[in-house]
Amino acid sequence: MSITYDVFRGSPEGRIVADKTTRTLEDHEVFIETTHSGICGSDEHYFKAGNVLGHEGIGIIKALGPGVKSVKVGDRVGFGYTHSICTTCEECTTGYEQYCANQKMYGFHDRDNGSFSYGAVWDVNCVFLIPDGIDSVHAAPLMCAGASVWEIFMQYGVRPTDRVGIMGIGGLGHIAIKLAAAMGCSVVVLSSSEDKRQEAMDYGASEFHVYRSGGPPPEGFKQVKHLLLCGSGDVEFAALMPLMTPRGSIYPLTVTIKPATLPLVPLFLRGIRVQGSLLASRQNIRSVLQFAARKNITPTTMTFPMTVEGIEDAMQTLRDGKMRYRGVLVRDMQ
């Protein structure tokens, strides 16, 4: 079955281009009519590559390829960074399929499929049923931003009794605050200014500290067990060491192409770990959706129409640092 649908690409000129893509529905693939898409900072990295942008999609399944049994036409689903996996390698069979050598990922191997679109053809193994209790506008950011921080909480031993530091209150950071607070953690927020103090406390923070990048710890600061870096990717790791408990962990969640310098002596002497994490496993994507529905956790969003003009407006808002806090494209279904 061949399906043609509308998509929105970036371009070398830095503009959004409306286009059409035709795909054949293969074994274990589904066609999703996209209704919503979150906007991620990663979209900016691929903006001039000619890709169909977007990896925080929500939509309705409209057609099934051969062998599809886990979903049905009419289901509301989410789809994210990973487009397909093999399901048979050691990584897939042990629950670490985000490291599958044969996976197709946003921006790498599948340039004609993304959530900035009116449709997408996706591996059914990489789509997720959306619980009834979550609005599609709120579900979209959970497919990447929410799933990324949830992966850390689930995989690296974060417990409800821990002090969890969140540095940077933006698209990632504000969701991290809400999720960690709902888990029962003591959430310690570090921000470059006082501007977001009330919001952070409203989101569930236990403490708020103004912290200048590279500076000393705030006065009276009690060290944290886990520190999620959700702001600028340019971080002086040496300055972070006094913020951490012995055997604490630091998680960089924003990408920079600049090499980072790690202070090995304090890392060795105090057992501090710098832990990389990018993609969430399928199980953790499912569980963050279920947790958000149960705890009524909703990302703070700004909405834009899913049109050329709406996407360009949204991307410029993101570049200008004015997004509060996750942009979501909404398709007019009339």
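The structure presented is a predicted model; accordingly, all values stated were derived computationally and were not measured.

(A) Molecular detail of the overall build of the protein. Along the protein, the regular secondary structure elements total nine helices and 17 strands. Over its C-alpha trace the protein gives a radius of gyration of 20 Å, about what one expects of a compact globule, namely 20 Å for 334 residues. Overall, the C-alpha framework of the protein stretches about 65 × 45 × 40 Å when taken along its three principal axes. Once local pairs closer than 6 in sequence are excluded, the contacts in the protein between residues at least 24 apart make up 67%. Carbon together with sulfur atoms contributes 51% to the accessible area of the protein, which is approximately 14700 Å² in total.

(B) Structural detail: the domain arrangement of the protein. With domains assigned, the protein is organised as domain 1 (2–144 + 280–330) and domain 2 (148–274). For domain 1 and domain 2, the distance between their C-alpha centres works out to 27 Å. Summed over both sides, the interface between domain 1 and domain 2 buries roughly 1600 Å², with carbon and sulfur atoms accounting for 56% of that surface. Contact with domain 2 buries area across many residues of domain 1, yet Asn284, Phe291 and Tyr325 alone supply 36% of it, more than any other trio. In this structure, the connection of domain 1 to domain 2 is made through zero salt bridges.

(C) Seen up close, helix H8 (residues 282–295). The terminal C-alpha atoms of H8 lie 20 Å apart, and with 14 residues this matches the ideal 20 Å at 1.5 Å per residue to within 8%. Within H8, burial applies to Arg282, Asn284, Ile285, Ser287, Val288, Leu289, Phe291 and Ala292. Buried positions along H8 lie against helix H2 (90–93), strand E9 (127–129), helix H3 (136–155) and helix H4 (173–183). Two residues or fewer past H8, Asn296 is found with a positive phi of approximately 55°.

(D) The arrangement of the side chain of Ser191 in detail. As for its placement among the helices and strands, Ser191 is situated in strand E11 (residues 186–191). According to the relative accessible area criterion, Ser191 is buried, its value standing at 8%.

(E) Representation of H3 in the model. Here H3 is 20 residues long and its end C-alpha atoms lie 26 Å apart, about the 28 Å a rise of 1.5 Å per residue gives. The sharpest bend along H3 comes to roughly 55°, located at Leu142. The residue sitting at the N-terminus of H3 and contributing the capping side-chain oxygen is Asp135; that oxygen lies 2.8 Å from the backbone nitrogen of Val137. Phi turns positive, to about 75°, at Gly157, one or two residues after H3.

(F) Here's a closer look at the sheet that holds E11. Strand order in this open sheet of six strands is E12-E11-E10-E13-E14-E15, and the pairing throughout is parallel. Each end of this open sheet is capped by a strand with a single partner; those strands are strand E12 (207–210) and strand E15 (273–274). Here strand E10 (residues 163–167) runs beside E11; their pairing, made up of five bridges, is parallel. In the strand pairing of E11, Arg163 is matched with Ser186. Across the sheet, H4 is in contact with E10, E11 and strand E13 (224–229); its angle to E11 comes to roughly 165°.

(G) Spotlight on the packing of aromatic side chains. A full pass over the atoms with the stated rule returns nine aromatic pairs. Measuring from centroid to centroid gives 6.5 Å for Tyr96 and Tyr99, while their planes differ by 20°, and the two rings are stacked. Centre to centre, the rings of Tyr156 and Tyr251 are 6.0 Å apart; their planes meet at 40°, and the pair counts as tilted. Taken as a pair, Tyr156 in the loop between H3 and E10 and Tyr251 in strand E14 (residues 244–252) lie far apart in primary sequence, 95 residues in all. In terms of burial, Tyr156 and Tyr251 fall into one category: buried. One aromatic cluster in this structure is built from Tyr46, Tyr81 and Tyr106. The ring of Phe47 carries the charged tip of Arg319 above its face, separated from the ring centre by 4.9 Å.

(H) Geometry of the nonpolar core. Counting residues in each nonpolar core, the largest one holds 47 residues, and the members touching the most others are Phe153, Ile177, Leu179 and Leu228. Mapped onto this core, the elements with two or more residues apiece are H3, E10, H4, E11, helix H5 (197–203) and H8. Considering each element in turn, this core owes the most residues, 11 residues, to H3. No fewer than three residues from each of domain 1 (2–144 + 280–330) and domain 2 (148–274) sit in this core.

What counts and what doesn't
Residues numbered from 1 in each chain as written. Predicted model: local features only at pLDDT ≥ 70, side-chain atom pairs only at ≥ 80, totals over all residues. Heavy atoms only, no water. Helix = DSSP H or I, 4+ residues; strand = E, 2+ residues; numbered from the N terminus. Rg over C-alpha atoms; globule rule 2.2 N^0.38 Å. Contact = heavy atoms within 4.5 Å. Areas by Shrake-Rupley, 256 points an atom, 1.4 Å probe, with all protein chains shown as cover. Domains from an automatic or database assignment. Buried area = accessible area lost by both parts, 1.4 Å probe. Salt bridge = Lys/Arg side-chain N within 4 Å of Asp/Glu carboxyl O. Expected span 1.5 Å × (residues − 1). Buried < 20%, exposed > 50% of the residue type's maximum accessible area, 1.4 Å probe, protein only. Bend = angle between axes of the 7 residues up to and from the residue. Polar contact = N/O pair within 3.5 Å; in protein donor to acceptor, adjacent residues only side chain to side chain. Pairing = 2+ DSSP bridges. Axes fitted to C-alpha atoms, helices over the stretch in contact; angles between N-to-C directions. Phe/Tyr/Trp six-rings, centres within 6.5 Å; stacked < 30°, edge-to-face > 60°. Lys NZ or Arg CZ within 6 Å of the ring centre and 35° of its normal. Core = buried A, V, L, I, M, F, W, Y, C linked by side-chain atoms within 4.5 Å.

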